[in-house]
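As a plain string of letters, each chain reads:
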Amino acid sequence: MRSTLPRDTTETTRPLILLPACRKSIDGTTSFSVGEKYIDAVRLAGGQPLLVPYATDDELDALLGLADGVLLTGSPSNVHPAHYGKSLQDPPGALDTVRDDWVLPFIPRLLDKGIPLFAICRGLQELNVALGGSLHHAVHTLPGKNDHRTRDDLPEHTKYGPAHVVDIVPGALLEQLLDATQIEVNSLHGQAIDRLAPSLAVEANAPDGVIEAVSCPGARGFSLAVQWHPEWRAHDNPHSRKLFDAFGQACRDYQRTKTQTGING
Ligand SMILES: N[C@@H](CCC(=O)NCCCC(=O)O)C(=O)O
């Protein structure tokens, strides 16, 4: 559902929130795209979305100077296992090595600057790999683990509907944001965190032990990553609204600090 933007001309400039795009073939043409639900959720958070197709190493500084926040979206593509010391499995699944190659080095740099980060699904997996962790290639094949995937042939409202609960770690950031210790979430992922990156903290787990949310307590700014999809109809989900409200406020705070102290780049 498109959010309607206030047209108040006195509105202050919205914080600029970068969304790295996915490289995929659309009608036979190689394209870079971001799902509309992520863009709508950034607007719901009060941000100005800025889609980034990809960036070369020498462009990262300029992007870091522009960003008041970064949203790492989900994607059907998997992070290439070479980034965490594993080999491609059979079947390898979809890959997006262009996104891997610039987002993985971008993540530690944006965290170092204190730029707020909200990561979703593949975005959580990128965060874990970027900071030295690893992934399970196919969680549903592991003993004692459930199948966290969904079926592509299902209607969208079913695919993104409630799939399982997550237990929230008492006292962690997520519990403070949601004031809840257990919530229902959707689930559209075949991979999951295996080795947790040393600088990440678990925020929530699924009943089968799969890590469903993490944060980076040592980061200077807001950092939260979730394996589920809060951007799906975020406007109608009170838990999702709290997450995007918190992310949006962190981005406004960063924007104001950047303006006041002249931080740029
Ligand atoms: N490929 C990874 C990540 C899965 C993921 O991000 N799913 C969402 C795709 C569609 C959307 O953006 O809503 C895995 O399988 O674990």
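In this report, we go over the structure that sits alongside the text. (Residues numbered from 1 in each chain as written. Predicted model: local features only at pLDDT ≥ 70, side-chain atom pairs only at ≥ 80, totals over all residues. Heavy atoms only, no water.)

Below, the discussion takes up the environment of Ala-45. Tracing the chain through its elements places Ala-45 in the loop between helix H1 (36-44) and strand E4 (48-52). Relative accessible area serves as the criterion here: at 4%, Ala-45 is assigned to the buried category. Those residues in contact with Ala-45, other than ones at most four positions away along the chain, are Phe-244, Gly-248 and Arg-252. (Helix = DSSP H or I, 4+ residues; strand = E, 2+ residues; numbered from the N terminus. Buried < 20%, exposed > 50% of the residue type's maximum accessible area, 1.4 Å probe, protein only. Contact = heavy atoms within 4.5 Å.)

Another aspect to go through is the layout of surface pockets. Of the pockets and cavities examined, the largest pocket occupies roughly 930 Å³. Lining the largest pocket are 38 residues, with Ser-75, Pro-76, Ser-77, Asp-152 and Leu-188 positioned closest to its centre. Of all elements in the fold, only strand E2 (22-26), H1, helix H4 (122-130) and helix H5 (156-159) reach the threshold of two or more residues within the lining of the largest pocket. For the lining of the largest pocket, a count of residues per class yields 12 nonpolar, 17 polar and nine charged. (1 Å grid on protein atoms, 1.4 Å probe; cavity = no way out; pocket = protein on both sides within 12 Å on 5 of 7 lines; lining within 4 Å. Points joined across faces, edges and corners; volume = space filled by probe spheres on them. Nonpolar A, V, L, I, M, F, W, Y, C, P; charged D, E, K, R; others polar.)

Along strand E8 (residues 164-168), the buried face is formed by His-164, Val-166 and Ile-168; none of Val-165 and Asp-167, which line the opposite face, is buried. When E8 meets strand E9 (residues 182-185), the two strands line up antiparallel, connected through four bridges. Bridging across to E9, Asp-167 finds its partner in Gln-182. Here E8 runs beside strand E11 (residues 201-205); their pairing, made up of two bridges, is antiparallel. Within the sheet, the bridge partner assigned to Ile-168 lies in E11 and is Ala-204. (Pairing = 2+ DSSP bridges.)

Taking burial as the measure, the nine residues of H4 include eight buried ones, the bulk of the element. Arg-122, Gly-123, Leu-124, Gln-125, Glu-126, Leu-127, Asn-128 and Val-129 are the residues of H4 that are buried. Count one or two residues on from H4 and you reach Gly-132, which has phi positive near 105°.

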